[in-house]
Amino acid sequence: MQTFQVNGDGGPVVAPVERPVPVPSAGEVLVRVKASSLNARDLRIANGTYPVPTPPGRIPLSDGAGIVEAVGDGVSRFRVGDRVMSTFHPTWIYGAFPKWGELYGVQRDGWLTEYIAVDEQSVVGVPEHLSFEEAATLPCAALTAWSAVSGVGAGDVLLVQGSGGVSVFALQFARLAGARVLATTSSAEKARRLGALGASDVVDYVSTPEWGAQVRALTGGRGADLVVEIGGAGTISQSIAAITEGGRISLVGNLASGGGMDLTRFFQRGATLRAITVGSRSDFEQMNRVISRHQLRPVVDRVFPFDETPDAFSHFEKGSRFGKVVISH
Ligand SMILES: NC(=O)c1ccc[n+]([C@@H]2O[C@H](COP(=O)([O-])OP(=O)(O)OC[C@H]3O[C@@H](n4cnc5c(N)ncnc54)[C@H](OP(=O)(O)O)[C@@H]3O)[C@@H](O)[C@H]2O)c1
């Protein structure tokens, strides 16, 4: 079978390689992968800047969807022909975050491959209305957004940062819950598309670096109930400026460098900061029920054929995308 592996030699970030098709052990399903998707971490894993070292030769990607092609002894959750998706934390089934276990693309081979054999407990069924390409966007970005906006309801005001995978899903979920959503972005075209998805107001964070005050002004001086924090150290001071007293910040990413938090201002806001670690399988299944009920469709930026995988990584790196970058296997 064909796979792509992390190169680790300074050449293209991933390179094609042939591997034998795995045989499912007891309790495992063999999945014929039909699509996978890229997340910010995958680029960092592939170019060697992820905080946890990845050995050369590792198959990357946490997110994939496909068909169960064979089952090992004792498998009871799935049958041959079922459509399944990966889970980001293969061993976090339910409850509070246990601890970091083995992750795809880091300590174990991931989904950028034609076939993968995984524990039946580590995959979930695909919502019927979604294609494999759409389903492959859900395991990391969608579930992270779902966890980040948990508790948001009608009448709440949410702020999302940018138009990447997590932020667009957060916007979609918050709109489903009846919340008002404001967004920041870096171009007029992306602002238009965020508006089309239901953002009531969009602030350009490049031309308006003090966007926190702008968010408060746009909300009649009250501020946002919840900010989905993507930029981390580079944006959190503006997020604190943007939230209402007693508001919440869901800390998702740390992709913008900067000075970090003004703790005095944070105290003054009486705010809560919560770190998000994607979510459990049970959270994923609950999210999928809501996606099915509302027939929600992920926003796919572009689909690349499997043999053009290196181009998908280059496209992802450029930053012109809106939503998710997908590879069709
Ligand atoms: N904690 C978790 O569980 C978890 C899970 C998934 C991802 N993450 C992290 O969350 C972050 C986002 O992930 P993703 O998959 O959504 O990434 P992505 O698809 O690469 O999206 C990145 C987007 O962030 C926006 N952005 C960049 N700098 C910004 C700034 N200074 N202010 C506002 N927006 C800014 C840009 O939006 P525009 O193009 O619109 O400007 C960019 O498109 C990454 O750091 C990732 O590692 C964490």
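Residues numbered from 1 in each chain as written. Predicted model: local features only at pLDDT ≥ 70, side-chain atom pairs only at ≥ 80, totals over all residues. Heavy atoms only, no water.

**Quick look at helix H10 (residues 309-318)**
Keep this limit in mind: Throughout, exposure labels follow a simple rule: accessible area from a 1.4 Å probe, protein chains only, divided by the maximum for the residue type, with under 20% read as buried, over 50% as exposed, and the rest as partly exposed. Per the convention used, a helix needs a DSSP run of H or I reaching at least four residues, while a strand needs a run of E reaching at least two, with both numbered from the N terminus. The arc in question is formed by the directions pointing from the helix axis toward the C-beta atoms. Should any heavy atoms of two residues lie within 4.5 Å, those residues are counted as being in contact.
Looking only at H10, the buried set comprises Thr309, Ala312, Phe313, His315 and Phe316. When H10 is viewed along its axis, its buried side chains cluster within an angular range of 160 degrees and face the same direction. Within H10, the exposed residues directed more than 90 degrees away from the buried face are Glu317 and Lys318. Taken together, the buried residues of H10 touch strand E1 (2-6), strand E2 (14-18), helix H1 (40-46), strand E14 (300-305) and strand E15 (324-328).

**Some points on the domain arrangement of the protein chain**
The criterion, for reference: For every domain, the bounds stem from an assignment made automatically or drawn from a database. Summed over both partners, the accessible area (1.4 Å probe) lost when two parts come together is defined as the buried area. Salt bridge, as applied in this entry: a Lys or Arg side-chain nitrogen positioned within 4 Å of an Asp or Glu carboxyl oxygen. Each polar contact in these results corresponds to two N or O atoms within 3.5 Å; when the atoms are within protein, one needs to be able to donate a hydrogen and the other to accept it, and residues that are neighboring in sequence are counted only if both atoms are side-chain atoms. In this classification, the charged set is Asp, Glu, Lys and Arg, the nonpolar set is Ala, Val, Leu, Ile, Met, Phe, Trp, Tyr, Cys and Pro, and all remaining amino acids, among them Gly, are polar.
Taken domain by domain, the protein chain comprises domain 1 (2-137 + 298-328) and domain 2 (143-275). Counting residues at the interface gives nine residues for domain 1, matched by 10 residues for domain 2. Summed over both partners, the interface of domain 1 with domain 2 comes to about 790 Å²; 69% of that surface belongs to carbon and sulfur atoms. It is Val299, Phe322 and Gly323 in domain 1 that bury the most area against domain 2; as a group they hold 63% of the surface buried on that side. Our enumeration of links across domain 1 and domain 2 arrives at zero salt bridges. Counting across the domain 1 and domain 2 interface gives three residue pairs in polar contact (both at pLDDT 80 or more). Considering only residue class, the side of domain 1 that touches domain 2 consists of three nonpolar, four polar and two charged.

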